[in-house]
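The primary structure of each chain is shown beneath.
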Amino acid sequence: MSHLLRTSRVFAWFILTGLSVAIIISASLYLYLRPSLPPVDQLLDVKLQTPLRVYSNDNRLIAEFGEKRRTPITIEQIPTLQLQAFLAAEDSRFHEHFGVDIKGLTRAAIELISTGSIQSGGSTITMQVAKNYFLSRDRTFIRKFSEILLAIQIERELSKDKILELYLNKIYLGNRAYGIAAAAQVYYDKPVNELSLAQMAMLAGLPKAPSAYNPLADPERALVRRNWILGRMKDLGYISEDALALAASAPITASYNARETDIDADYVAEMARAEMVRRFGDTAYTDGYSVKLTVNGLKQQTATNALRTGLENYDRRHGYRGAIAQIDISNQTPEDLTEQLANYPRVEDLTPAIVTSVDDQNGEVKVHTRTLGSATMAFETMKWARRYRTESLTGPEPKKPSDVVTTGDVIYVKTLEPSESPESPAATEGETLAPQTSIARNVALSQIPKVEGALISLNAKTGAIEALAGGYSFNQSKYNRATQAQRQPGSTFKPFLYLAALENGRTPATIYNDAPIVFEDSDLETAWRPQNSSGQFYGPTTLREGLYRSRNLISIRLLRELGIGTTLNYLKQLKIPTNNMPANLSLSLGSGLLTPMDLARGFAVIANGGYDVQPYLIESISESNGTVVYKAPETILCDTNCDQLEQQGETSITSIEDIPKTDGLHLSASTASQNPRVMRRLADSRSVYMMHSIMQDVIRRGTGRRAAVLGRSDLAGKTGTTNEQKDTWFAGYNHSMATTVWVGFDQPAPLGRGEYGSSTALPIWIDYVKVALADAPSSTMPRPNGLVSIRINTKTGGRARPGEDGIFELFKEEEAPDPLSLDDNGEHINGNQSESFSRQIF
């Protein structure tokens, strides 16, 4: 007995000594680590890494930027069953322990010894919060002890619900999904409150090993983990036996779901991203900023679609360039063909496909696509495919499918909607159509356009960008032609020249001679003999007709008389960039260089009645908690007391050097100031009103007649085509909106015979405006005081005599033609017309 007693005492002393040493070490570690532990209240202020999201002004998602997908939510938004699933998987005693679960640690040790693995885990949810928010992932004793201390401290200062909320918003759940809300969207494309019990359990199984238990990477292992969690939920009383049986028998329904954007607006999204990074640096990607843009969702999608359709239509008119590659398909399985197609990217709506058979007798082609598998291409969708020879020449119309494609061709096709399919079956009474997928496997031959274009639409009174498309495909080319392409504007420049003339004593009735003219220039090897696009000359012509019919000779004579210096100075007054403008008479034909944004802004000045306009894109910026940190300043169009308003706002731009470059990065309303932007008058309202009237005639009876199909009386605009049809334009507006379209090749080259602004750019403009102004009332500039309407003789520019043919024309009161007087025979005659006569001669 004495021996047993002595052994017991020794053993007790060992235990006591061990406990004492453990307490001393623990106390020492606590005293050592306590000062370096972060305060728990930091958890309440922590910013979860949340991506940058860009929205339209009607709150439709345009883009999301950032490595981590996360959508923070509150504990109240998470269903109770989902919370219980995580508790069953990670910490079933969460509501009982003080941050460290002694029983849980013991259970984990027993599981490790008995099974070789840990199913339930040893760390509590609170310990995981401490680790995820504050500590590194180093596997050291010091880090683990710090985790335990922090967990205890967190439990003292935060509620259980708050701890659970922090945990479920922070955890990584695979496939770049951080937090339960992001995971629900990525795996099931649903909000958290719409998940089934089986789906909830599947997500709850991910924190332990997001890759190993991932339903996409290893479905079998994920299924075992899910069903174990369901069993734990049953054991803990969270669900019934029937619920367990139903959920455990459910198939795996997870699939990868990248968050779909609501609008196709990649060029706009990139402009917003670049501006945010310029403002906030790399934190723009992680601090959860929401950016609301000025673009309207419907208008933006319409702009994207209209531009792509217009470029595809031009491309088809000039023929089929052939297959992009040839593949030997003998002995190839569908899987082999799919693998071969991996080398050819999808471009917007165009899908790569391999021709697998050509049937001339039935007029159809079988193709294999990566997404649809086998599909049928009817000959009706291929009849456009004349062989391309040059930009002005195509081959004969194909008569059968083999005239266009051969077996093994790699081509691009576009999936047809059922209603677009050449022979879409219609269900009769008592019949049921085949599944949608079988109908949808009809495709049409297509090709990626080589031609490019841009569309930019501005609110004429504020400068807000309502829609912008910088090219056919951002994924194919990130070059934003709307803001970066410096191109010759051609005849779309003429309205600025004519406006300068109206501000310098000319009237819409001023007569100029549309006749041949030759310029000798020592710098040129040959004389310059400019012509009208028609190659004809029309004699004495009013300025009104000269502009709406786009007569080049009238513009040249006008610039020569007005003066190049006077014109360039007026352009500077309008704040139109002149750095790339020639100081010679070719300026009158638009030989300078402007971006589509520059031109759209200039037309917006005319559209709004003559006030300055500075384009801007960002309407507001909000932090992840909803706090607005930036709001675009109000725009004030100013006629009087502008100096006083400028002193209050300090945001007015007074010279062309002050204009921010509209390259998508430094837009003028992106300043930090919240004061109004004061936009001064740049052009006389009467001159601008007369310009509205003249350019409305472009659509009524001039080069823009196609736009009359819109049936609106408030539209005005100007076509533009440069030498050899290298650049084609249409810039149009009403009093509220200004929209410019450009079409051309990135490397300037002829677009081909018969291609003008009216045939390339104008149809795109029409398609956009038809939707953009669909529900908008007519918007015309109010007629300013000081104008008179007088009936004139269009051949002389003077007042029409009684009984003489004439039209009513607008004049400033002080510039109205002289009243008619009587000659010696009592006939009405005009006053002094010597100046007008000299213009008719020279």
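In this report, we go over the structure that sits alongside the text. Given the structure is predicted, the values throughout are model-derived calculations rather than measurements.

### Thoughts on the overall build of the protein chain
- For the protein chain, the count of helices and strands is 25 helices and 26 strands.
- Considering only contacts in the protein chain between residues 6 or more positions apart, those separated by 24 or more positions represent 71%.
- Counting only carbon and sulfur atoms, one obtains 50% of the accessible surface of the protein chain, whose full area is about 38,800 Å².

### Structural notes on the packing of helix H10 (residues 219–235) against helix H11 (residues 241–248)
- Taken N-terminus to C-terminus, the directions of H10 and H11 make an angle of 175°; their axes are 10 Å apart at the nearest point. If you check the angle between H10 and H11, you find them roughly antiparallel. Contact with H10, carried on its side by Arg226, Asn227, Leu230, Gly231 and Lys234, involves Glu241, Leu244, Ala247 and Ala248 of H11 and no other residues of that element.
- For the contact of H10 with H11, the per-class residue count stands at four nonpolar, two polar and three charged.

### A word on the environment of Leu173
- The topology assignment puts Leu173 in the loop between helix H7 (160–170) and helix H8 (180–188).
- When near neighbours in sequence (up to four residues on either side) are disregarded, Leu173 contacts Gly179, Ile180, Ala183, Tyr187, Leu203, Leu206, Pro207 and Pro210.

### Quick look at the sheet that holds strand S12 (residues 452–459)
- Read from one edge of the open sheet, five strands run S13-S12-S22-S21-S20, paired in antiparallel fashion. Looking at which strands have only one partner, the edges of the open sheet turn out to be strand S13 (465–469) and strand S20 (716–721). Shown here is a sheet whose adjacent strand axes are inclined to one another by a mean of 5°, direction ignored.
- Summarising the sheet, S12 and strand S22 (residues 737–744) pair through eight bridges and their orientation is antiparallel. The partner of Glu452 across the bridge, within S22, is Gly744.

### Notes on helix H20 (residues 564–573)
- Along H20, the residues classified as buried are Thr567, Leu568, Tyr570 and Leu571. Across the axial projection of H20, the buried residues extend over an arc of 160°, all falling on one side.
- Those residues of H20 that are buried are in contact with helix H17 (494–502) and helix H19 (552–562).
- A positive phi of about 65° marks Lys575, the residue just after H20.

### A word on unusual backbone geometry
- We note that Asn59 has phi near 65°; this positive angle belongs to a residue other than glycine.
- Here Asn59 is to be found in the loop between strand S1 (52–55) and strand S2 (61–65).
- Overall, the relative accessible area of 51% leaves Asn59 in the exposed class.
- Non-glycine residue Glu724 carries a positive phi angle of around 60°.
- Mapped onto the secondary structure, Glu724 falls in the loop between S20 and strand S21 (727–733).

### Re the sheet that holds S2
- The five strands are arranged S2-S1-S3-S16-S17 in an open sheet whose pairing can be described as mixed. What marks the edges here is a single partner per strand, and that holds for S2 and strand S17 (628–631). On average, each strand axis in the sheet is tilted by 15° relative to the strand beside it, whichever way the strands run.

### Remarks on the pattern of salt bridges
- Tallying each qualifying case throughout the model produces 37 salt bridges.
- A salt bridge links Glu452 to Arg481, with the nearest nitrogen and oxygen atoms 3.6 Å apart. Residue Glu452 is located in strand S12, and its partner Arg481 is located in helix H16 (residues 481–484); the two are separated by 29 residues in the primary sequence. For the pair Glu452 and Arg481, one class covers both residues: buried.
- Three or more residues are tied together by salt bridges with common partners; here these are Arg544, Asp697, Arg700, Arg701 and Glu809.

About the cut-offs
- Here, residues in each chain are numbered from 1, in the same order as that chain's written sequence.
- This being a predicted model, a pLDDT of at least 70 is required before a residue's local features are given, and a value of 80 or more before pairs of side-chain atoms are given or counted; all residues contribute to the totals for chains, interfaces and linings.
- Neither water nor hydrogens contribute to the side-chain values; these are computed over all heavy atoms in the structure.
- A run of H or I in DSSP counts as a helix once it spans at least four residues, and a run of E counts as a strand once it spans at least two, with each numbered from the N terminus.
- By definition, residues are in contact when any of their heavy atoms lie within 4.5 Å.
- A 1.4 Å probe and the Shrake-Rupley method give the accessible areas. Residues count as covered only by the protein chains that appear here.
- The convention used is that axes are lines fitted to C-alpha atoms, helices contributing only their stretch in contact, and that angles between N-to-C directions extend from 0 to 180 degrees.
- Throughout this description, any angle smaller than 35 degrees is read as roughly parallel, any larger than 145 degrees as roughly antiparallel, any in the 65 to 115 degree range as roughly perpendicular, and the remainder as oblique.
- Lys, Arg, Asp and Glu make up the charged group, whereas Ala, Val, Leu, Ile, Met, Phe, Trp, Tyr, Cys and Pro make up the nonpolar group; the residues left over, Gly among them, are polar.
- Strands qualify as paired when DSSP identifies two bridges or more between them.
- Three labels apply to residues, based on accessible area from a 1.4 Å probe with only protein chains included: buried if under 20% of the type maximum, exposed if over 50%, partly exposed otherwise in between.
- The reported arc concerns the directions from the helix axis to the C-beta atoms and nothing else.
- Whenever a carboxyl oxygen of Asp or Glu lies within 4 Å of a side-chain nitrogen of Lys or Arg, that contact is scored as a salt bridge.

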